[in-house]
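Observations on the model geometry
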Amino acid sequence: MREDRYTLRQLNLLVRDAVEMQLPDEYWVEAELSECRERSGHCYMELIEKDATTNTPVARASAKCWRQTWQMVLPYFKRTTGQPLRAGLKVLLRVYAQFHEAYGFSWIVTDIDPTYTLGDMARKRQEIIRQLKEAGVFDLQRELSIPLFAKRIAIISAAGAAGYGDFCRQLEDNDYGFRFTITLFPAIMQGEQVEPSVIHALNQIYERIHDFDVVCILRGGGATADLSGFDTLALAENVAQFPLPIITGIGHERDESILDMVANTRVKTPTAAAALLIDNLHHVLNRIEQAEDTLAHYINERLRSQQQRISQLATLIPTLALHTISEGHHRIEMLASRPPIAIERQLTEQKHRLERISLQLQSFDPQLLLSRGYSITLKDGCAVRDPKQLKPGDELETRVEKGTFRTIVK
Amino acid sequence: MKEEQKYEEALTQLENIVRKMEAGEFDIDELAVQLKTAQRLIKFCKDKLSKTEEELRKIQDEQE
């Protein structure tokens, strides 16, 4: 026997033969995924079975789903369950056994039945959702909106819970100095008492509804199973029909509950709920500040354009007025230049008139007749017109052009 | 007491005198009197314009 030695490979090959001989078929197996990783298109899983009462593992095995199969089963699984395969899920797998001398034992997955995973709990949740939708209350909360100035916050949480403490700190230490009023309505946040306790808190808030803007239901993260208390029809109905918007922050990403689905807004954690409320006020503050800026800008623009207009007019008006003045000057100058001309003309006319008269007068001058050879004979200074006037011996004076001479009548 | 004369009235009066002068409507006796009146009106209008101009420039300077 001592000589009958094997190399590890030889021995493993024996195991491989035995496995292939003894487990030639494919089997459906129920198991929980404790690990699930995708690598190079293949999926590597760790399967586990826990004892129902002690919760300790009673079986464990690796499983692989080769790329070709994985590419087909994963989309189907996602479509049916609404989520990818992940640790914590219960699955029903079709497998065959494989023992590889180098890599050891694995179940090779050839199919996955997603309906199994949906499970009792999920089916129950779907049923609650269906009832809420049928009653027409499923979307009621989302028809509400978080008020612009949401500052008075009603909290439903376990007093002294870490999540509640984080929430309060975050709200109080906000960067903008917003002041929130936080009122706690303590409730049991896990186990069987969640439903009546949270409903009671909601009723207390309802009695003072005008004191609050928004309600937050808060709880630190925890195991998925702990959330089952939030998946009840009565609680969902109460939340869905509550007249104030409700923000839930009761778990982490993978822990979505029906409560989250019917709430106005769901966030992952209490701190995220605080951040949301701060953001809401900050957004409003921004809007106000923007409006302020816009208003100031608009007013400045108006003032500037009016000032510009006025100064344009201001420069224009004196220019126009001065223009009128200079026109006035011009007009006066024109008028002033006219009287001398008119007077000159009138005086010249009068001179001409006088000249004409004097010419007319000249024609009566006796000197003119004398120069033509006529003579005038005067007796005692009177012109002699009839020889009968004369007697011999009369002395006469005769005027000719160049002088006078005296004669005696014979 | 002499009333404060208005520019437009003075100008109209002046224009009338000039028009009549040019039409030879005044006789020689009147001519000198009318010329004196015309010159008084011209001076009045010029003064009025200069005064207004000065006022306008002052207002303009105050604005700038």
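Scope of this entry: the structure provided in the associated data block. This structure is a prediction, so every number in the text was calculated from the model and none was measured.

The rules behind the values
Residues numbered from 1 in each chain as written. Chains lettered and ligands numbered in written order. Predicted model: local features only at pLDDT ≥ 70, side-chain atom pairs only at ≥ 80, totals over all residues. Heavy atoms only, no water. Helix = DSSP H or I, 4+ residues; strand = E, 2+ residues; numbered from the N terminus. Buried < 20%, exposed > 50% of the residue type's maximum accessible area, 1.4 Å probe, protein only. Contact = heavy atoms within 4.5 Å. Areas by Shrake-Rupley, 256 points an atom, 1.4 Å probe, with all protein chains shown as cover. Salt bridge = Lys/Arg side-chain N within 4 Å of Asp/Glu carboxyl O. Buried area = accessible area lost by both parts, 1.4 Å probe. Polar contact = N/O pair within 3.5 Å; in protein donor to acceptor, adjacent residues only side chain to side chain. Pairing = 2+ DSSP bridges. Axes fitted to C-alpha atoms, helices over the stretch in contact; angles between N-to-C directions. Core = buried A, V, L, I, M, F, W, Y, C linked by side-chain atoms within 4.5 Å.

With that settled, consider the overall build of chain A. Across its full length, chain A carries 9 helices and 14 strands. Burial analysis of chain A (410 residues in total) assigns 32% to the buried set. Taking all contacts inside chain A whose residues are at least 6 apart in sequence as the whole, residues at least 24 apart take part in 62%. Counting every atom, chain A has about 26,000 Å² of accessible surface; 53% of that belongs to carbon and sulfur.

Turning next to the overall build of chain B. Helix and strand content of chain B: 2 helices and 0 strands. For chain B, buried positions account for 31% of its 64 residues. Of all intrachain contacts in chain B linking residues separated by at least 6 positions in sequence, the fraction that spans at least 24 positions is 68%. Of the roughly 4,700 Å² that chain B leaves accessible, carbon and sulfur atoms contribute 50%.

Here we take up the pattern of salt bridges. All names here are of chain A. Tallying each qualifying case throughout the model produces 22 salt bridges over all chains. A salt bridge links E101 to R16, with the shortest nitrogen-to-oxygen separation between them at 2.7 Å. Separated by 85 residues along the polypeptide, E101 in the loop between β4 (90-100) and β5 (104-112) and R16 in helix α1 (residues 8-22) bring together distant segments of the chain. A relative accessible area of 19% means that E101 is categorised as buried. For R16, a relative accessible area of 27% corresponds to the partly exposed category. A salt bridge links D380 to K379, with the nearest nitrogen and oxygen atoms 3.7 Å apart. Assessed through its relative accessible area of 69%, D380 is described here as exposed. Taken together, the shared-partner salt bridges in this structure form one network comprising K379, D380, K391 and D394.

Quoted interface sizes are often the accessible area lost when the parts come together. Each partner contributes residues to the interface: chain A has 20 residues there, and chain B has 24 residues. Considering only the side of chain A, the residues that lose the most area to chain B are L322(A), I332(A) and Q346(A), jointly responsible for 26% of the buried surface there. Counting across the interface, chain A meets chain B through 3 salt bridges. E22(B) is the partner of R338(A) in a salt bridge, and the nearest nitrogen-oxygen pair spans 2.9 Å. Taken together, chain A and chain B are joined by 6 residue pairs in polar contact (both at pLDDT 80 or more).

All names here are of chain A. Pairing within the closed barrel is mixed, and its 5 strands lie in the order β1-β2-β3-β5-β4. Here the strands of the sheet are splayed against their neighbours by 50° on average, with no regard to which way each runs. Those strands touched by α1 are β1 (27-39), β4 and β5, and its axis lies near 130° from that of β4.

Let's shift gears to the nonpolar core. In terms of nonpolar packing, the biggest core is built from 34 residues, with I156(A), V198(A), V215(A) and I217(A) touching the most fellow members. Within the residue set of this core, elements represented by two or more residues are α3 (114-134), β6 (152-157), α5 (194-207), β8 (214-218), α6 (233-240) and α7 (258-262) of chain A. Counting residues per element, this core draws most heavily on α5(A), which supplies 6 residues. Ranked by size, the runner-up nonpolar core spans 22 residues in total, among them A10(B), L11(B), L31(B) and L41(B).

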